[in-house]
Amino acid sequence: MKALGSWTECINLAVEAYNAGSFGIAAVILEDNGNVVARGRNQLRDNLESCNTIRMTPIAHAEINALNNLPLQRQKDKDLILYTTVEPCPMCIGAIVMSKIRRVMVGSADPHAGSVGLLEKDDYLKQKGVVAVFADSIVEELSFSLHYISIKRDLRPNHPAFARMHKRYPAYAEKLDKLIDSGRLIINKPLETSELVQALE
């Protein structure tokens, strides 16, 4: 998984979340040299042992868990970078701003609940100087895919998130729908990162 670089652990953790029955979303906090200092995954729908302490509650989001797992001695470190596979929601954007982290790398946009735009719209958030950068290529597609197949598995077919995701990522969504319909990608069974990469090639 050399192509994923610093994203490798984040993507693998998102796969872990998906396989556990939660949404396939994860976040890791890294030093500039790539060393991981904290990690967290979505754990809204499973109570399995993991890196998380926040589980089975509406706030058990990946970014919240990663920030909660940040060692006390690193909580004022403004040089850390938070990587998240999916654009943070309003709650997670708020938590990031209230932390000292000022750089966020985002695997894929979330046209349904993503709230990075608030960083420029709200005066309080804007003054904090948090910078968000969106990924592209394989990181973007993997991140989107794990999010999409999670909601495909867990949400009702007419949920408004689907129309918004199809509008934002039409090629990715269409490819995934074809893989699912053809049986090449089965969303009700565990998968490996390499298996998903191969399916998307």
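Look up: the structure comes first, before these words.
Note that the coordinates shown come from a computational prediction; the quantities given were computed from them, not determined experimentally.

## Considering the sheet that holds strand β2 (residues 36-41)
Read across the open sheet, the five strands follow the order β2-β1-β3-β4-β5; overall the sheet is mixed. Because the sheet does not close on itself, it has two edges, and the strands there are β2 and β5 (131-134). In this sheet, adjacent strand axes meet at a mean angle of 20° when their direction is disregarded. Judged from the five bridges that link them, strand β1 (residues 26-30) and β2 form a sheet pairing that is antiparallel. When the sheet's bridge partners are listed, Ala 27 is paired in β2 with Gly 40. On top of the sheet, helix α6 (residues 137-154) reaches β3 (81-86) and β4 (103-108); it is set at about 70° to β4, its chief contact.

## Quick notes on the environment of Leu 44
Inspection of the secondary structure puts Leu 44 in the loop between β2 and α2 (62-68). Assessed through its relative accessible area of 23%, Leu 44 is described here as partly exposed. C-alpha of Leu 44 to C-alpha of Ser 115: the two residues are 71 residues apart in sequence and 19 Å apart in space. If near-sequence neighbours (up to four positions away) are discounted, Leu 44 is found in contact with Ser 22, Phe 23, Met 56, Thr 57, Pro 58, Ala 60 and His 61.

## What about helix α8 (residues 170-182)?
Between its first and last C-alpha atoms α8 spans 18 Å; for 13 residues at 1.5 Å apiece the expected length is 18 Å, and the two agree. Tyr 172, Ala 173, Leu 176, Asp 177, Leu 179 and Ile 180 are the residues of α8 that are buried. Relative to the axis of α8, the buried residues are bounded by an arc of 165° and lie together on one face. Exposed side of α8, more than 90 degrees from the buried face: Ala 171, Lys 178 and Asp 181 are the residues found there. Considering only its buried residues, α8 is in contact with α6, α7 (160-168) and α9 (193-200). After α8 finishes, the residue Gly 183 shows a positive phi value of roughly 85°.

Conventions we followed
Residues numbered from 1 in each chain as written. Predicted model: local features only at pLDDT ≥ 70, side-chain atom pairs only at ≥ 80, totals over all residues. Heavy atoms only, no water. Pairing = 2+ DSSP bridges. Helix = DSSP H or I, 4+ residues; strand = E, 2+ residues; numbered from the N terminus. Axes fitted to C-alpha atoms, helices over the stretch in contact; angles between N-to-C directions. Contact = heavy atoms within 4.5 Å. Buried < 20%, exposed > 50% of the residue type's maximum accessible area, 1.4 Å probe, protein only. Expected span 1.5 Å × (residues − 1). Arc of directions from axis to C-beta.

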